[in-house]
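# Descriptive structure summary
Read off the chains here:
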Amino acid sequence: MYDPVQLRTFLTVAQTLSFTQAAGRLGVRQSTVSQHVRRLEEATGRPLFARDTHSVALTEDGEALLGFARTILEAHERAAAFFTGTRLRGRLRFGASEDFVLTRLPEILEGFRHEHPEVDLELSVELSGILHGRLDEGRLDLVLAKRRGPGDERGRLVWRDRMVWIGAEGLRLDPERPVPLIVFPPPGITRARALEVLEREGRAWRIACTSGSLSGLIAAARAGLGVMAHTRGLIPPGLVRVGGLPELGPVEFALLQGRRPTPAAEALAAAVLAGGDRLSRPA
């Protein structure tokens, strides 16, 4: 009833919230993406996306289909791996941004380990800026990290969102005093964005807390020490959006492979892309 090719297209649109970006990632025309979604909507008898000339959003039925689509595609992949008899082996050095510590990325990695038990997976969790550097140096094989900013189109887009300011509920900022910032150390991409937009608007700021650990930043924010820039879809429990500050703009997360792609890296990349919508949901 449900074509796996159409389901894969549906998941890609759900992750990128863009028919154009989905087409680019899948290597097909935008008209093909639209056709796949239309046929899937005909098969389900429900609208899956609410779209206009400016935005794309999942409907309630589209949200419901996400889980079914993942299950169907995972079953197809298991069957294909079983009957082709291919077994991946070797070492795979994977780097993931701190942003995904509290998401369902571990579920994706667990599934990969189950499907490919002979791959020695080594996980590094670091700031996106550090991961980019290690990939360029050949010290990682695959990286899931923020793109460096506008104009950076390296890698395969996994997920797009916006950055917002967050802090403890009830936190009030004095407009006459410097903005107290909770930030990662350099070369944090989020840190650089926060300082850039404040300086562009002429807002004074001060560093209230620096930590290389996301859990450390969250603890400081919950204690009311200041505000932090964070991805809108990944706001941790106990923290809320804070208004009255300059817009931080969009953020994109991408998968980047090393100079010498390996079958194991490609297999994990495919697993992350297939389950990309889980990355926007807290564990």
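Attention here is on the structure that accompanies the text. What you see is a predicted model; the values in this text were computed from it and never measured.

## Re the overall build of the protein
Summing up its helical and strand segments, the protein has nine helices and 11 strands in all. A compact globule built from 283 residues should have a C-alpha radius of gyration of about 19 Å, and the protein, at 20 Å, falls within 12% of that. Principal axes of the C-alpha set define a box for the protein whose edges measure 65 × 45 × 30 Å. Long-range pairs, those at least 24 residues apart, make up 75% of the contacts in the protein between residues at least 6 apart in sequence. Per element, the accessible surface of the protein, about 14,200 Å² overall, is 51% carbon and sulfur.

## Looking at the pairing of strand β7 (residues 179–183)
Most of β7 is tucked away: five of the five residues are buried. Side chains V179, L181 and V183 project from β7 onto one buried face, and the interleaved P180 and I182 project onto a second face that is buried too. Pairing of β7 with strand β8 (residues 205–210) involves five bridges; the strand directions are parallel. The residue of β8 that forms the bridge with V179 is W205.

## Some words on the packing of aromatic side chains
Any aromatic ring pair is given by two values, namely how distant the centres are and how the planes are angled relative to each other. All told, the structure shown has four aromatic pairs when counted by the stated rule. Seen from their ring centres, F10 and F49 are 5.5 Å apart, and the 50 degrees between their planes marks the pair as tilted. Of this pair, F10 sits in helix α1 (residues 4–16) while F49 sits in strand β1 (residues 49–51); the two residues are 39 residues apart in sequence, bridging distant segments of the chain. The class for F10 is buried, based on a relative accessible area of 0%. Summarising the aromatic geometry, the rings of F100 and F253 are spaced 5.0 Å apart at their centres and angled 65 degrees between planes, so their arrangement reads as edge-to-face.

## With respect to the packing of helix α2 (residues 19–26) against helix α3 (residues 30–44)
Where α2 meets α3, the axes come as close as 8 Å, and the angle between the chain directions of the two elements is 105 degrees. Viewed along their axes, α2 and α3 adopt a mutual orientation that is roughly perpendicular. Taking contact as the criterion, the partners of F19, T20, A22 and A23 in α2 are, on α3, Q30, V33, S34 and V37.

## Some thoughts on the nonpolar core
Ranked by internal contacts, the top residues of the largest apolar core, which has 40 residues, are F94, L105, L144, W165 and L255. Secondary structure elements with two or more residues in this core: β3 (90–97), α5 (105–115), β5 (142–146), β6 (156–168), β7, α7 (189–200), β11 (250–257) and α9 (263–274). Residue contributions to this core peak at six residues, all from α9. Filtering out sequence-adjacent residues up to four positions away, F94 remains in contact with L105, L109, L121, E122, L123, S124, L140, L142, V143, L144, L255 and L268. Listed in part, the 18 residues of the second largest apolar core include L11, A14, V33 and L40.

## Observations concerning the environment of L173
The residue L173 is located in the loop between β6 and β7 in this model. If sequence neighbours within four positions are ignored, L173 has contacts with P180, V227, V242 and L245.

## Details of empty space enclosed by the protein
Tallied over the full model, the rule gives two cavities of 30 Å³ or more. There is about 90 Å³ of room inside the largest cavity. Breaking the lining of the largest cavity down by element, the ones donating at least two residues are β7, α7 and β9 (228–231). Tallied by class, residues from the lining of the largest cavity come to seven nonpolar, two polar and three charged. The space that makes up the second largest cavity amounts to roughly 60 Å³. In this structure, the second largest cavity is lined by S97, E98, D99, E126, L127, S128, K146, F184, G188, I189 and T190. When the residues that make up the lining of the second largest cavity are grouped by side-chain class, the tally is three nonpolar, four polar and four charged.

Basis of the calculations
- Residues numbered from 1 in each chain as written.
- Predicted model: local features only at pLDDT ≥ 70, side-chain atom pairs only at ≥ 80, totals over all residues.
- Heavy atoms only, no water.
- Helix = DSSP H or I, 4+ residues; strand = E, 2+ residues; numbered from the N terminus.
- Rg over C-alpha atoms; globule rule 2.2 N^0.38 Å.
- Contact = heavy atoms within 4.5 Å.
- Areas by Shrake-Rupley, 256 points an atom, 1.4 Å probe, with all protein chains shown as cover.
- Buried < 20%, exposed > 50% of the residue type's maximum accessible area, 1.4 Å probe, protein only.
- Pairing = 2+ DSSP bridges.
- Phe/Tyr/Trp six-rings, centres within 6.5 Å; stacked < 30°, edge-to-face > 60°.
- Axes fitted to C-alpha atoms, helices over the stretch in contact; angles between N-to-C directions.
- Parallel < 35°, antiparallel > 145°, perpendicular 65-115°, else oblique.
- Core = buried A, V, L, I, M, F, W, Y, C linked by side-chain atoms within 4.5 Å.
- 1 Å grid on protein atoms, 1.4 Å probe; cavity = no way out; pocket = protein on both sides within 12 Å on 5 of 7 lines; lining within 4 Å.
- Points joined across faces, edges and corners; volume = space filled by probe spheres on them.
- Nonpolar A, V, L, I, M, F, W, Y, C, P; charged D, E, K, R; others polar.

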